[in-house]
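# Structure assessment
Spelled out from the first residue to the last, the chains are:
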Amino acid sequence: MNTKELDKLLLQIRAGDNAAFEELYARTKRGVYAFLYTYFGNYADTEDAVQTVYLRIKTGIASYQAGTNPRAWILQIAKNHALSELRKRHKETSIDEIEIAVEPSFSDDTVMGVMRKVLSEEEQQIVALHVLWGYRHREIGQILGLPTGTVTSKYKRAIEKLRNALKEVGD
Amino acid sequence: MKSWKKRWEEELDEKIPELREDVKNQPIVECEKETEKKPSAFTLFFANKKRLWTAVSACACAVLIACIAILSPLFFGTPSAPSSQGGVFAVEINPRVAFTVNEGGMVESIVSLNADADVILSDGRSSEIEGKTAKEGIKIYVDYAAKLGYLNLADGDAVRVSSCGKNTQLSEVGNALQEYFRERGTYIAVIGETLEAEGFAQRIGIDLSQTSGKIAEYINTVSEVFAVREAEGKTDAELDALYRTFVSAEEAFTQVRGLIEKNLQEAKAKAESVQGLYSFNQEIRSHEDNPYRYFADYWELKKLDKEYSDALNALLTEMENKLNAYKTTYGAEIVDFATLTRFWEEAEEMAIESVFAIFSDLTAEVFDENPSFFLSMLEKIGMDTSKIDEIYALPTDFAEYVEKTSAYLQDRYAERLEKGKAAYEAVREKISVKDYEGYMKKIVDEYGSLEGYWNAVKK
């Protein structure tokens, strides 16, 4: 989905259009889900987080400024929620509890499962931002605070690792 | 065979749930129409934050006042429900930064406000600060500033921390910094100030003529890096000029000089090492216990493998150790006298002292007049001069500007870290609370106020 279309949808939502909100969900849920999954690594937490993020989009839509960066706006809400949630848990949960709290997640023969297994959190984010959100490497660099060259090389390396790992699991 | 991208999309579609009913039914919180009036202190306070969550907070807070009745309890129950307990800090030394602190009292983001702060935050150092409490985060930042020599630890200096909003942490931050300086035994005055939104915006350089929406728009897209923000929207030609404001010709030459000095020192040490080996081999050759005195050197004696005196054996062992050390340090093996002679002649040919003499008084202007002459001299001593070419090359587009600036900042960081090491690591006696307070009082007596002191030493 391109920036203009996304911007238009957000403005419709800002004007109170609930159908536009549902369309936004349909068109951005993959990107939001994959992005959040890099933080949580399991279905349950990611699903909860997805709901909260869209809830926040609704309650905070008034702050969206026309013609700015709609993808960044959504992703920042997702990122802040994920970090805040993880920090909260880190404070509240002992290390032992974290270790035993194994939630179901994507199996090892799925793309998501393989990504989780062979890519670092940063590499997963770079791949998700490029493939699902259509960000260019330069823009990803600005989001993640990395030089463009670093993003390009990390992306290439990540794709190579991903392809090799998928071959091994019988792509 | 399906592409992995297609497979990925299908897996996601299968897994992602429908929107929950409560989310679907949540009313959309519509914004009040933006007006051109000057933003209130309250909205500006939130608009001054860089991250988007804060923009969400800002609007939610504004709406909270205007339309409290339409908000559902769920809104208040979400983990990061906006409140007025977060805040913004500006920390000024010479490097200047702004922090945003979320409702949980944790640093949400840090943004550099000048080139010196870019050096401190280069290479993703902000991630060490984000997520910490305000006092921890600011302490980490100030510690980096001290390490890099931005604070005069030996003779005293000042740090000004300004905060904005209903923030109760300024005194905690101030106390933590004072404690840090007392522990390090350095008299650095910590000046704390609470500002109204307008004053704070001025301090961090936000244009107050903008509407609150436009300020939020600016902040929402801002990069953490000052040098990158300055470059946004510039043409390639303007980028060159801007790059030179960060990396001036003089500064580029300073970098080049640093490289040259480092290489010359290494070349000198290598030459001295070869010369030392040559002398030591001569000592073995002329040793009175050497059965083939003046004819057999270290390598020949080893080859003959005879019984030698303890004294001669000790020299042979020492030579072996020296040769091993040379190999480890310079990656080159000296296998016989011919090799040693060749290395020695090369060291002589380099006339390392004369190269030192030529480069010791070199200025940027002289270097610029005939760079190829100087580069050829440096190549002669084995220096890889491609790094110098990189330093002088101007960026061709924004991506390259970001890359080069980032590399430049990281180099400056490493350089300052090295230079500031001695002052930072110097052992100083801890300062008692009483002595520190006495020092602060003296400043106030002398300068009329802490602000007066700040203006005197920093402006």
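In the block above lies the structure referred to throughout.
Residues numbered from 1 in each chain as written. Chains lettered and ligands numbered in written order. Predicted model: local features only at pLDDT ≥ 70, side-chain atom pairs only at ≥ 80, totals over all residues. Heavy atoms only, no water.

### Some remarks on the pattern of salt bridges
For clarity, the threshold we go by: The working definition used for a salt bridge is a side-chain nitrogen of Lys or Arg within 4 Å of a carboxyl oxygen of Asp or Glu. Helix and strand assignments come from DSSP, with helices taken as H or I runs of at least 4 residues and strands as E runs of at least 2, each series counted from the N terminus. Any residue under 20% of the maximum accessible area for its type is buried, any over 50% is exposed, and the rest in between are partly exposed; the area is computed with a 1.4 Å probe on protein chains only.
Scanning all chains against the criterion turns up 19 salt bridges over all chains. Between E5 of chain A and R27 of chain A there is a salt bridge whose closest N-O contact spans 3.5 Å. Remark: R27 of chain A occurs in helix 2 (residues 18–40) and E5 of chain A occurs in helix 1 (residues 3–14); sequence separation between them is 22 residues. On the accessibility criterion, E5 of chain A (34% relative accessible area) is partly exposed. The partner of R20 of chain B in a salt bridge is D22 of chain B, with the nearest N and O atoms 2.9 Å apart. Residue R20 of chain B is classed as partly exposed on the basis of its relative accessible area, which comes to 33%.

### Structural notes on the packing of aromatic side chains
For the record, the criterion: Aromatic rings from Phe, Tyr and Trp, with only the six-membered ring used for Trp, were paired whenever their centres fell within 6.5 Å, and each pair was classed as stacked if the ring planes differed by under 30 degrees, edge-to-face if by over 60, and tilted otherwise. Two conditions define a charge located above a ring, namely a distance within 6 Å from the ring centre to NZ of Lys or CZ of Arg, and an angle within 35 degrees of the ring normal.
As enumerated under the stated definition, the model contains 16 aromatic pairs over all chains in all. Relative to Y54 of chain A, the ring of F21 of chain A has its centre 6.3 Å away and its plane inclined at 75 degrees; by these criteria the two rings are edge-to-face. Placement of the pair is F21 of chain A in helix 2 and Y54 of chain A in helix 3 (residues 43–60), with a sequence separation of 33 residues. According to the relative accessible area criterion, F21 of chain A is buried, its value standing at 0%. For Y54 of chain A, a relative accessible area of 0% corresponds to the buried category. An angle of 65 degrees between the planes, with centres 5.2 Å apart, marks the rings of Y180 of chain B and F181 of chain B as edge-to-face. Judged by relative accessible area, which is 0%, F181 of chain B ranks as buried. Against the face of F21 of chain A rests K58 of chain A, its NZ or CZ located 4.5 Å from the ring centre. Lying across the ring of Y424 of chain B, R184 of chain B places its NZ or CZ 3.9 Å from the centre.

### Some words on the environment of A78 of chain A
Within the secondary structure layout, A78 of chain A lies in helix 4 (residues 70–92). Considered as a pair, A78 of chain A and V53 of chain A are 25 residues apart in the sequence and their alpha carbons are 5.7 Å apart.

### A word on the pairing of strand 4 (residues 157–164) of chain B
All names here are of chain B. Spelled out, the test is: Two strands are counted as paired when DSSP detects at least two bridges linking them.
Within strand 4, eight of the eight residues are buried, leaving the element largely enclosed by the surrounding structure. Residue alternation in strand 4 divides its side chains into two sets, D157, V159, V161 and S163 and A158, R160, S162 and C164, and both sets are buried. Alignment of strand 1 (residues 87–92) against strand 4, held across five bridges, turns out to be antiparallel. Of the residues in strand 4, the one forming a bridge with A90 is S162.

### Some remarks on a negative patch on the surface
Stated precisely, the cut-off is as follows: In this analysis, a patch consists of residues with relative accessible area above 30% that form no salt bridge, clustered at 9 Å for like charges and at 5 Å for the nonpolar side chains Val, Leu, Ile, Met, Phe, Trp and Tyr. Note that accessible areas follow from Shrake-Rupley with a 1.4 Å probe, and for residues the cover is restricted to the protein chains shown. Note that His is not counted, nor are the chain ends; the positive residues are Lys and Arg, and the negative ones are Asp and Glu. For the purpose of locating charges, the reference atoms are NZ of Lys, CZ of Arg, CG of Asp and CD of Glu.
The grouping of E379, D384, D389 and E390 of chain B at the surface amounts to a negative patch. Here E390 of chain B shows up in helix 21 (residues 386–392).

### So, the sheet that holds strand 5 (residues 188–195) of chain B
Residues and elements named next belong to chain B. The condition that has to hold: With axes taken as lines fitted to C-alpha atoms, and helix axes fitted only over the stretch in contact, angles between N-to-C directions fall between 0 and 180 degrees. Note on definitions: a residue-residue contact is assigned when non-hydrogen atoms from the two residues lie within 4.5 Å.
Pairing in this open sheet of five strands is mixed, and the strands run 3-2-1-4-5 from one edge to the other. What marks the edges here is a single partner per strand, and that holds for strand 3 (107–112) and strand 5. Adjacent strand axes in the sheet meet at a mean angle of 20 degrees, parallel and antiparallel pairs treated alike. Running at roughly 65 degrees to strand 5, helix 23 (residues 433–447) makes contact with strand 4 and strand 5 of the sheet.

### What to know about the packing of helix 8 (residues 134–147) of chain B against helix 9 (residues 170–184) of chain B
Residue and element names in this part refer to chain B. What counts here: By definition in this entry, angles of less than 35 degrees are roughly parallel, angles greater than 145 are roughly antiparallel, angles of 65 to 115 are roughly perpendicular, and the rest are oblique. Each helix crossing is assigned a hand: it is left-handed if the near helix lies turned anticlockwise from the far helix by less than a right angle, otherwise right-handed if that turn is clockwise.
Following both chains from N to C, one finds helix 8 and helix 9 inclined at 40 degrees, their axes separated by 9 Å at the closest point. With respect to helix 9, the axis of helix 8 lies oblique. The handedness of the crossing between helix 8 and helix 9 comes out as right-handed. Counted together, A134, K135, I138, K139, V142, D143 and A146 of helix 8 and E172, V173, A176, L177, Y180, F181 and R184 of helix 9 form the full contact between these two elements.

### Description of helix 20 (residues 371–380) of chain B
Every α-helix carries 3.6 residues per turn, so stepping three or four residues along brings you back to the same face. Residues and elements named next belong to chain B. To be explicit about the condition: Directions drawn from the helix axis to the C-beta atoms are what define this arc.
Residues of helix 20 that are buried: F374, L375, M377 and L378. Buried residues in helix 20, looked at end-on, bunch into an arc of 155 degrees, giving them a common side. Helix 20 presents S372 and K380 as exposed residues on the side facing more than 90 degrees away from its buried surface. Immediately beyond the C-terminal end of helix 20, within one or two residues, lies G382, with a positive phi of roughly 90 degrees.

### Quick look at the pairing of strand 3 of chain B
Residue and element names in this part refer to chain B. When you tally the buried positions in strand 3, you get six out of six residues, the bulk of the element. For strand 2 (residues 96–101) and strand 3, the ladder comprises five bridges, and the chain directions are antiparallel. Each bridged residue has a counterpart across the sheet, and for V101 the counterpart in strand 3 is V107.

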